[in-house]
Amino acid sequence: MNIVKCIKLNQKLEALDRAPYPGELGKKILNNISKQGWKLWLEHQTMLINENNLNLMDSNAQNYLKEQMEKFFFSKEGADKIKGYSPDE
């Protein structure tokens, strides 16, 4: 089992098996995000898709999700919030 210092969860955790996204962004995620951190993104991404009724065949929707993924992992402000969702509920 490979371990990575997950910058999302600020812990040493199990690393992803392979880059989850193509290109440089995928490599950056592979080297800095754990399986647990990636799972958090997948849950958030699903809510973004549903909340915004995104069509994943639309390049604008794809670009929006890529931008949100970068913010979710690598930006202090984080990704867009989900309206009406509180993680404490």
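Data block above holds the structure.
Quick caveat, the model's predicted, so the values are computed rather than measured.

### Regarding the environment of Asn50
Here is step 1: Here Asn50 is to be found in helix 2 (residues 35–51).
Here is step 2: A relative accessible area of 54% places Asn50 in the exposed class.
Here is step 3: Considered as a pair, Asn50 and Ile82 are 32 residues apart in the sequence and their alpha carbons are 9.7 Å apart.

### Considerations on the pairing of strand 1 (residues 3–6)
Here is step 1: The side-chain alternation of strand 1 yields one buried face, formed by Val4 and Cys6, and one unburied face, formed by Ile3 and Lys5.
Here is step 2: Relative to strand 2 (residues 11–14), strand 1 is paired through four bridges, and the arrangement is antiparallel. What sits directly across from Cys6, in strand 2, is Gln11.
Here is step 3: Between the antiparallel neighbours strand 1 and strand 2 lie four residues, among them Asn10 with a positive phi of about 55°.

### Concerning the nonpolar core
Here is step 1: Ranked by internal contacts, the top residues of the largest apolar core, which has 14 residues, are Ile29, Trp38, Trp41, Met69 and Phe73.
Here is step 2: Sorting the residues of this core by element identifies helix 1 (23–32), helix 2 and helix 3 (59–74) as the ones contributing at least two each.
Here is step 3: If we skip the residues at most four places from it in the chain, Ile29 touches Leu16, Pro20, Trp38, Met69, Phe73 and Phe74.

### Looking at helix 3
Here is step 1: For helix 3, with 16 residues, the first-to-last C-alpha span of 22 Å sits near the 22 Å given by 1.5 Å per residue.
Here is step 2: All of the buried residues along helix 3 are Ala61, Leu65, Gln68, Met69, Phe72 and Phe73. Looking down the long axis of helix 3, one finds its buried residues gathered within 120° of arc, a one-sided arrangement. In this structure, helix 3 carries Asn60 and Asn63 as exposed residues pointing more than 90 degrees from its buried face.
Here is step 3: By the N-cap criterion, in which a side-chain oxygen at the helix start approaches the backbone nitrogen of a residue two or three places on, helix 3 is capped by Asp58, the distance to Asn60 being 3.2 Å.

Criteria and cut-off values
Along each chain, residue indices are assigned from 1 in the same order as the chain's sequence is written. Reporting of local features is limited, given that this is a predicted model, to residues whose pLDDT is at least 70; pairs of side-chain atoms are given and counted only at 80 or more, and all residues count toward the totals for whole chains, interfaces and linings. Note that the side-chain values use all heavy atoms of the structure and ignore hydrogens as well as water. In this text, helices come from DSSP runs of H or I with a minimum length of four residues, and strands from runs of E with a minimum of two, each type numbered from the N-terminal end. Throughout this description, buried means an accessible area under 20% of the type-specific maximum (1.4 Å probe, protein chains only), exposed means over 50%, and partly exposed covers the range between. Two strands form a pair only when DSSP identifies at least two bridges running between them. Put simply, buried Ala, Val, Leu, Ile, Met, Phe, Trp, Tyr and Cys residues joined by side-chain atoms within 4.5 Å make one nonpolar core. Any pair of residues with heavy atoms lying within 4.5 Å of one another is described as a contacting pair. Residue count minus one, scaled by 1.5 Å, sets the expected span of a helix. What the arc covers is the set of directions going from the helix axis to the C-beta atoms. Side-chain atoms alone can form a polar contact between residues adjacent in sequence; in general such a contact is a pair of N or O atoms within 3.5 Å, and within protein one must be able to donate a hydrogen while the other accepts it.

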